[in-house]
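Structural overview
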Amino acid sequence: MIVVIQCAGSKRADAGTLSAPDGSPVRFVAHPELAPDDGAFYAKPDEDCGDGTTWRDLLLKINRGEVEPPPNLLEAGSLYRPSVYGALLKHVGRQKLYILSAGWGLIRSDFLLPDYDITFSGQAERFKRRRKADHYKDSSMLPPDSDEPILFFGSKDYLPIFRQLSAGHRGQRVVLFRSVEQPDCSECVTVRYDTPRRTNWHYEAAESYIAGKLQLPVR
């Protein structure tokens, strides 16, 4: 089974990033034009990185081994601070774990990612919040010929991008939800996860999966 979990706002303190043309670290956000005027170098993933290509292009070159990676650039499966990411990585392995990143797309867990502050959460500051209408050239790294089922751990804010980036997958897609109302995604199998926890409830669901306590209608 392929497991997809949405990204987290908290990243490891030692997470590296890419460098701006002047050598300063890049702070990746959803809307640089709304960022504080604090002297930091803000950018979006699909903006020009200074050589006519984008930061996303540069990151792909780094992951292909065509460009030397900067120090402390971490694999996606190790970038986020909550312990559930490491637990999932250990449980399913790096080949089967994918991160749904609001900044970079549907990324395999061994893909190197920089630190970033981009989210779909409506609670985030405006310059960090990606809107549904914002244009991103998101990557989708799901194996093209796989018919394995996918299990998605994520909130309703991340469900639209999950549906979009996994639309071509041939296998069954299982979406957990906590709300009373079933989400509108008829092409997926939806399973209600019953918990009183409201914030980051999908972490609890992932822990239940790891413990073998999550019942799923997987073919």
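This structure is a prediction, so every number in the text was calculated from the model and none was measured.

1. Digging into the side chain of T54
Assignment of secondary structure puts T54 in the loop between β3 (41-43) and α1 (55-63). Here T54 falls in the buried class, since its relative accessible area comes to 17%. At 3.0 Å, the side chain of T54 forms a polar contact with the backbone nitrogen of D57.

2. Section: the pattern of salt bridges
Counted under the stated rule, the structure contains 11 salt bridges. With a shortest N-O distance of 2.7 Å, R56 and D46 are connected by a salt bridge. On the criterion of sequence distance, the pair formed by R56 in helix α1 and D46 in the loop between β3 and α1 is long-range, its members being 10 residues apart. You can call R56 buried: its relative accessible area is 5%. Among the salt bridges present, the one from R64 reaches E66, with a minimum N-O distance of 2.9 Å.

3. Some words on the side chain of H202
Relative to the helices and strands, H202 is located in helix α5 (residues 201-210). Setting aside residues no more than four positions away along its own chain, H202 makes contact with I5, Q6, F153, G154 and S155.

4. Topic: the sheet that holds β3
To summarise the sheet geometry, strands pair through backbone hydrogen bonds and adopt either a parallel or an antiparallel arrangement. A sheet is described by the order of its strands in space; here three strands give the open sequence β3-β2-β8, paired in parallel fashion. Taken across any chain shown, the strands that pair with only one partner, and hence form the sheet edges, are β3 and β8 (116-117). Two strands pair when backbone bridges link them, and strand β2 (residues 26-29) and β3 are joined in this way by three bridges, in the parallel orientation. Across the sheet, residue F28 finds its bridge partner in β3, namely A43.

Conventions used here
- Residues numbered from 1 in each chain as written.
- Predicted model: local features only at pLDDT ≥ 70, side-chain atom pairs only at ≥ 80, totals over all residues.
- Heavy atoms only, no water.
- Helix = DSSP H or I, 4+ residues; strand = E, 2+ residues; numbered from the N terminus.
- Buried < 20%, exposed > 50% of the residue type's maximum accessible area, 1.4 Å probe, protein only.
- Polar contact = N/O pair within 3.5 Å; in protein donor to acceptor, adjacent residues only side chain to side chain.
- Salt bridge = Lys/Arg side-chain N within 4 Å of Asp/Glu carboxyl O.
- Contact = heavy atoms within 4.5 Å.
- Pairing = 2+ DSSP bridges.

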